[in-house]
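Chain residues, written in single-letter form:
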Amino acid sequence: MTDLTAQDPVALFERHRAEQIRSQRGQTVLAILLFFTFLAFSINISQFFPEKLAAGLPKIGDYLYDILPTL
């Protein structure tokens, strides 16, 4: 008796697709980890402080008001 699943194109396709999904999942996890590692590093280097950004938000309106031409 021959093994039909070894020659079945649908089974071969599904097996190959499952392997690709597993491979891509690992690459995606690695990319996300690298992204957050570099994000944390860049936040540390730039000395980004959210409280400074929040304190400056009201000044953005004043700045836009000052630079827009008056009619």
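Just so it is clear, the structure is predicted and the values come from calculations on it, not from any experiment. Every chain is numbered independently, its residues counted from 1 as its sequence is written. In keeping with the model being predicted, local features are shown solely for residues with a pLDDT of at least 70 and side-chain atom pairs are shown and tallied solely at 80 or more, while totals for entire chains, interfaces and linings include all residues. Heavy atoms throughout the structure, all of them, feed into the side-chain values; hydrogens and water do not.

**Q** Residue-level account of a nonpolar patch on the surface, with values.
**A** Here the term patch refers to residues with relative accessible area over 30% and no salt bridge, with like charges joined within 9 Å and nonpolar side chains (Val, Leu, Ile, Met, Phe, Trp, Tyr) within 5 Å. Here, Shrake-Rupley sampling with a 1.4 Å probe gives the accessible areas, and only protein chains in the shown set may cover a residue. Salt bridges are counted wherever a side-chain nitrogen of Lys or Arg sits within 4 Å of a carboxyl oxygen of Asp or Glu. On the surface, a cluster of nonpolar side chains totalling about 660 Å² of accessible area is made up of I32, F35, F36, L39, I43, F48 and L53. It is helix 2 (residues 9–46) that provides the largest number of residues to the nonpolar patch, a total of 5 residues. Going along the chain from the N terminus, every DSSP run of H or I of four or more residues is numbered as a helix, and every run of E of two or more is numbered as a strand. Summarising the element assignment, I32 is placed in helix 2. Residue burial is assigned from relative accessible area. The probe radius is 1.4 Å, only protein chains are included, and a residue is buried under 20% of its type maximum, exposed over 50%, and partly exposed in between. For I32, a relative accessible area of 43% puts it in the partly exposed group.

**Q** Lay out the packing of aromatic side chains with the relevant residues and their values.
**A** When two rings of Phe, Tyr or Trp (its six-membered ring) have centres within 6.5 Å they constitute a pair, described as stacked for plane angles under 30 degrees, edge-to-face for angles over 60, and tilted for the intermediate range. One pass over the structure, following the stated rule, counts 1 aromatic pair. On the numbers, 5.2 Å between centres and 75 degrees between planes, the contact of F35 with F36 is edge-to-face.

**Q** Go over helix 2 with me, naming the residues and quoting the values.
**A** Between its first and last C-alpha atoms helix 2 spans 54 Å; for 38 residues at 1.5 Å apiece the expected length is 56 Å, and the two agree. Note on helix 2: the residue one or two positions beyond its end, Q47, has a positive phi of about 55 degrees. Any helix carries an expected span of 1.5 Å times its number of residues minus one.

**Q** Which residues make up helix 3 (residues 50–67), and what are the values?
**A** Between its first and last C-alpha atoms helix 3 spans 25 Å; for 18 residues at 1.5 Å apiece the expected length is 26 Å, and the two agree. Fitting one axis to the seven residues ending at a residue and another to the seven starting there, the bend at that residue is the angle between the two axes. Approximately 40 degrees is the largest bend angle found in helix 3, and it occurs at L57, with the proline P58 only one to four residues beyond.

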